[in-house]
Amino acid sequence: MADAPPFAEGYEISIDPGRVDAELVHRWLSEDAYWALGRSREKQDRAMEGSLNFGVYEVVSGEQVAYARVVTDRATFAWLCDVYVDPSVRGKGIGTALVAAVRERLRPYGLRRILLATHDAHGVYAQLGFAPLEKPDQWMALVFE
């Protein structure tokens, strides 16, 4: 999947970290993503270094149009985060195709679960098999503010 064939008309996905436009991803997330507003470039770079990074690119221009990041031990657990599609290409199914590609890339690891958090995209993720936590009372979080 390093450079898979186009998965949505005119677009391709890659897990090649060298293709990710880190400056663009930082701008998208720190300026337009409610969960990462104000995130520093240094923090974003460290997050990317410790993660599997997925980029979506226009086939003709090579321009990056979407991004997703996965934090995983590649054995039991993964957290899908920082999923972002450039506003200029939203509505073309790129986000859904990206998350489906991430799911399929993770499938061979035999993970027990992939978690994510979303404020407003439940429908997109539900199409791909994600569901609310079955027993949310069993989950806890330690939040540093």
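Above this text you will find the structure in question.
Worth saying up front: this structure is predicted, and the values here are computed from it rather than measured.

Q: Whenever I open this one, the packing of aromatic side chains confuses me. Can you help?
A: Two aromatic rings are characterised by how far apart their centres lie and by the angle between their planes. Scanning the entire structure with this criterion turns up 3 aromatic pairs. Here the aromatic rings of Trp28 and Tyr84 are separated by 5.1 Å at their centres, their planes lie at 25 degrees, and the arrangement is stacked. You can see Trp28 sitting in helix 1 (residues 22-32) and its partner Tyr84 sitting in strand 4 (residues 77-85), a full 56 residues away along the chain. Relative accessible area serves as the criterion here: at 5%, Trp28 is assigned to the buried category. Plain terms: the ring middles of Tyr34 and Trp35 are 5.0 Å apart, the flat faces sit at 85 degrees to each other, and that makes the pair edge-to-face. Note on Trp35: relative accessible area 37%, which makes it partly exposed. Here the guanidinium or amino end of Arg19 rests over the ring plane of Tyr57, the centre of that ring lying 4.0 Å away. Lying across the ring of Tyr84, Arg90 places its NZ or CZ 5.1 Å from the centre.

Q: It is not clear to me how the layout of surface pockets should be interpreted in this structure. Could you clarify?
A: To locate leftover empty space, one rolls a probe as large as a water molecule over the atoms. By volume, the largest pocket is sized at about 800 Å³. Contributing to the lining of the largest pocket are 25 residues, with Ile114, Leu115, Phe130, Ala131 and Leu133 lying nearest its centre. Within the residue set of the lining of the largest pocket, elements represented by two or more residues are helix 3 (94-106), strand 5 (113-115) and helix 4 (122-126). Split into classes, the residues belonging to the lining of the largest pocket amount to 15 nonpolar, 5 polar and 5 charged. Estimated volume of the second largest pocket: approximately 670 Å³. Lining of the second largest pocket is provided by 30 residues; of these, Trp35, Val83, Tyr84, Ala121 and Tyr125 occupy positions nearest its centre. Those elements that place two or more of their residues in the lining of the second largest pocket are strand 4, helix 3 and helix 4. With 7 residues, strand 4 is the largest single contributor of residues to the lining of the second largest pocket. By residue class, the composition of the lining of the second largest pocket is 18 nonpolar, 5 polar and 7 charged.

Q: Which parts of the structure should I look at to understand a nonpolar patch on the surface?
A: On the surface, a cluster of nonpolar side chains totalling about 320 Å² of accessible area is made up of Tyr34, Trp35 and Leu37. Among the secondary structure elements, Trp35 is positioned in the loop between helix 1 and helix 2 (41-49).

Q: Help me understand the sheet that holds strand 5, please; the structure alone is not making it clear to me.
A: In any sheet, the strands associate via hydrogen bonds between backbone groups, in a parallel or an antiparallel arrangement. A sheet is described by the order of its strands in space; here 5 strands give the open sequence 1-2-3-4-5, paired in mixed fashion. Every other strand in the sheet has two partners, leaving strand 1 (11-14) and strand 5 as the edge strands with one partner each. Looking at each pair of strands side by side, their axes are set apart by 20 degrees on average, direction ignored. Note: strand 2 (residues 52-58) against strand 3 (residues 64-72), 6 bridges, orientation antiparallel. Note on strand 3: the bridge partner recorded for Tyr57 is Gln64. Against the sheet, helix 1 engages strand 3 and strand 4, with an angle of about 80 degrees to strand 3.

The rules behind each value
- Sequence order as written defines the numbering, with residues in each chain counted from 1.
- Side-chain atom pairs in this predicted model are given and counted only at pLDDT of 80 or more, local residue features only at pLDDT of at least 70, and totals for whole chains, interfaces and linings cover all residues.
- As a convention, hydrogens and water are excluded, and side-chain values are obtained from all of the structure's heavy atoms.
- Whether two aromatic rings pair depends on their centres lying within 6.5 Å, for rings of Phe, Tyr and Trp, where Trp uses its six-membered ring; planes under 30 degrees apart make the pair stacked, over 60 edge-to-face, and the rest tilted.
- Helical segments are the DSSP runs of H or I of at least four residues, strand segments are the runs of E of at least two, and each set is numbered from the N terminus.
- Buried means the residue's accessible area, taken with a 1.4 Å probe over protein chains only, is under 20% of the maximum for its type, while exposed means over 50%, and partly exposed covers the values in between.
- Charge-over-ring contacts are defined here by two conditions on Lys NZ or Arg CZ: a distance within 6 Å of the ring centre and an angle within 35 degrees of the ring normal.
- Here a cavity means grid points, on a 1 Å grid over the protein atoms only, where a 1.4 Å probe fits yet cannot get out; a pocket means an open set of points with protein on both sides within 12 Å along at least five of seven lines; lining residues are those with an atom within 4 Å of a point.
- Grid points are joined across faces, edges and corners, and a volume is the space filled by probe spheres set on the points.
- Polar here means any residue outside two lists: the nonpolar Ala, Val, Leu, Ile, Met, Phe, Trp, Tyr, Cys and Pro, and the charged Asp, Glu, Lys and Arg; Gly therefore counts as polar.
- Only residues whose relative accessible area exceeds 30% and that form no salt bridge enter a patch; like-charged residues are grouped when within 9 Å of one another, and nonpolar side chains (Val, Leu, Ile, Met, Phe, Trp, Tyr) when within 5 Å.
- The protein chains shown are the only cover counted for residues, whose accessible areas, like all others here, come from Shrake-Rupley with a 1.4 Å probe.
- Between Lys or Arg on one side and Asp or Glu on the other, a salt bridge is scored when a side-chain nitrogen of the former is within 4 Å of a carboxyl oxygen of the latter.
- Strand pairing follows a simple DSSP-based rule, namely that at least 2 bridges must link the two strands.
- Simply put, an axis is a line fit to the C-alpha atoms, just over the touching stretch for a helix, and the angle between two N-to-C directions goes from 0 to 180 degrees.
- We call two residues in contact whenever any of their non-hydrogen atoms come within 4.5 Å of each other.

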